[in-house]
Amino acid sequence: MADQPHQYFKDEFSPDSEKRREPSEGAFPEVSRLPHNYGRYTVDEVLSTDLKYEKEPFIVTGYTSLLRVVKLISGLSEKQDLRLLIGNEPFPIANAPMSLAPVTFPEEVKEYWLKKRISLLQYPEVFNALEKMRMGQVDAVFLEIPGRMMHAKMVITHDIAMLGSSNFSDAGLRRNIEANVRFKREDETVRYEEVRDYAEALFSLADDYREHLKALLESLLKESSWEDCIARACSELLEGHWAKKYTTYTSLSNPDMALWPSQRQGVAQALWIIENLGSVLVADATGSGKTRMGTALQRAVFDRLVRTGNLRGGGMSLISPPGVVAGWQKEILSYGLSHRPLSQAALSFADRERIDDLVTQSIKQAQILSVDEAHNYLNAGAKRAQVLLRNLADHVLLFTATPINRSASDLLCLVNILGADNFDPQVIDQFNRWLRLDVKSMRAAREEQLEQLKSEIARFTVRRTKRELNRLIDKQPAAYHNKHNVPCRYPEHKAVPYATGESEAAIAIGLQIRGLSEQLRGVAYITGEIDQSAFLTPEGQPIEPERVFKRRLGMAKRSAVYQIMSHLRSSRVSAYAHIAGDHAVADFFDIEAKELKGHKERYLSWKSMISPLASAFPKGLAVTVIYLNGWLTL
């Protein structure tokens, strides 16, 4: 027990911290004989004593331990030298493309560390390690035998020899449950010499690695200005190279799953937003491949949850318009996912007994909730929006091609769907206080509050316009082909006037219809109470009721004219149906009319519209005498 360390590293995962029980059988051996990481003991504490004053330590470890080895080299005194035998790791290079071409050991190590990179805080140790190597204090080798991996882990000094499962890394020396044996030369001379001689034999068979190690450490260091550092960080984020391992899914049944560069970039940007904010709104232009990209994003989020150990039993749910459910289903299956898309139409009937189990529970239980055409859910009073707002998902993925920058209620509903707890609490509190202001104060601060809320929503948004996507396509035009191998690009819009070919008689009839429509009053559009805010200016000043009344009559008239002319532009049948009803169309045009439940079948009953303006003004409003037109007194 003489060489047992007197100070112990407190493991945050120790039995004392987690209140575990001691084993009912067996016992933990003396840490100096069998170094391990458990309770208050670590392999690191044992080796720190062994290596502190050793003049020529000899370490055999895997290449993933490089940073800990660099730290050791950096701390060598002038009288200390290090011998290092670097071995393999029992796994292939992470995310390396499949290839039959052989990869040498130095290339494998270099590829691993250039992808992993190092922290800026570790630069001083790397500089010191390079200086120690230039002074000849490090002798590094590697053992490469075809078909074999050098997987041994040993630490040998003049007095002790330790071998076992611990890599010379923070995980192996401090955290992982490891098993090692340690022999003291003075107590177990034979065993000590056997381990030492075996290590020396391996070292003698190995190849020189010093120049490779020096070149690797130098390549991990790169002097850059602060502008270069910011530019590199922005490039990594925007170009999406960091997310390559999440965007290269390959299916055995459908190997042609390659994403366009713009889609890979979009997935990477969305992943970063999800990682930092929890939810995302993808609002790319129409035709950008949203369905494929959306499915790839769902797969990437799912894979990330699996890799980080955060996947729970909630699963995934996707809501889409009925017309594209089949398209989503095809992409989902191609990406190896199993959830079935739900039609958004079902959300409007979520109170039906059988549908309630399928729709509402799927939304409530989903850990990842995806919503296509998200702009359809901005009316908080609508049934489908209310069902959607009940979600408890960890991550909400919204997709739309329609920019969302409308009213305060729309933005607030969007905040709730994305998860209000993901937003800056200060912004939400300010917006809620604004909603509680009086009308005058609310109007004064309207633009400022809406812009602030839009800016906050923009943090959750991935948005590329057609022009931006075309610029990306111009960089790699050969990478943008559809399944028929046809190049894809947004067309250049050119406005070209052309003759529509109407006869003089048709133009005359159109002008006559326009003239007659100007005589319409728009009675159907002036029912209902006028909101009290209509009687105030944006600055909160009162407006004369007669002025409000005349404005409302003008709006009703213009609405009636618009409806006639817009239906006329559609077709004669549509215009006639709007005026006389669908059943009249069947008789007049001698065609079969389908039974419709929609709004086109209108029957205006003057008797049912008794005093349409009697309740138009808010109660309690002092109204002066307003002289009405003759037709309003019917």
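Here we summarise the structure given alongside this text. This one's a predicted model, so the numbers in the text were calculated from it and none came from an experiment.

## What about helix H5 (residues 123–134)?
Between its first and last C-alpha atoms H5 spans 17 Å; for 12 residues at 1.5 Å apiece the expected length is 16 Å, and the two agree. Tyr123, Val126, Ala129, Leu130, Lys132 and Met133 are the residues of H5 that are buried. Residues of H5 that are buried in the fold lie against helix H3 (66–74), strand S3 (138–142) and helix H8 (210–220). Looking one or two places after H5, you find glycine 136, whose phi comes out positive at around 75°.

## Some remarks on the sheet that holds strand S2 (residues 82–87)
Here 7 strands make up an open sheet; going across it, the order is S6-S5-S4-S1-S2-S3-S7 and the pairing mixed. Unpaired on one side and paired on the other, strand S6 (180–184) and strand S7 (207–208) mark the two borders of the sheet. Both strand S5 (residues 160–164) and S6 contribute to a ladder of 5 bridges, which runs antiparallel. Across the sheet, methionine 162 pairs through a bridge with arginine 182, a residue of S6.

## As for the packing of aromatic side chains
Taken as a whole, this structure holds 10 aromatic pairs when the rule is applied. Note on phenylalanine 58 and phenylalanine 203: the rings are 5.4 Å apart at their centroids and 85° apart in plane angle, and the pair reads as edge-to-face. One end of the pair, phenylalanine 58, is in strand S1 (residues 58–62); the other, phenylalanine 203, is in helix H7 (residues 189–205), and 145 residues separate them in sequence. For the pair phenylalanine 58 and phenylalanine 203, one class covers both residues: buried. Taking 6.1 Å as the distance between ring centres and 65° as the angle between the ring planes, the aromatic pair formed by phenylalanine 105 and tyrosine 209 counts as edge-to-face. Highlighted residues: phenylalanine 105 in helix H4 (residues 105–116) and tyrosine 209 in the loop between S7 and H8, separated in sequence by 104 residues. Comparing phenylalanine 105 with tyrosine 209 shows no difference in burial state: the two are buried. A cation over an aromatic ring shows up here: arginine 68 above the ring of phenylalanine 168, its NZ or CZ 5.7 Å from the ring centre. The ring centre of phenylalanine 203 lies 5.0 Å from the NZ or CZ of arginine 83, which sits over that ring.

What counts, and at which threshold
Residues numbered from 1 in each chain as written. Predicted model: local features only at pLDDT ≥ 70, side-chain atom pairs only at ≥ 80, totals over all residues. Heavy atoms only, no water. Helix = DSSP H or I, 4+ residues; strand = E, 2+ residues; numbered from the N terminus. Expected span 1.5 Å × (residues − 1). Buried < 20%, exposed > 50% of the residue type's maximum accessible area, 1.4 Å probe, protein only. Contact = heavy atoms within 4.5 Å. Pairing = 2+ DSSP bridges. Phe/Tyr/Trp six-rings, centres within 6.5 Å; stacked < 30°, edge-to-face > 60°. Lys NZ or Arg CZ within 6 Å of the ring centre and 35° of its normal.

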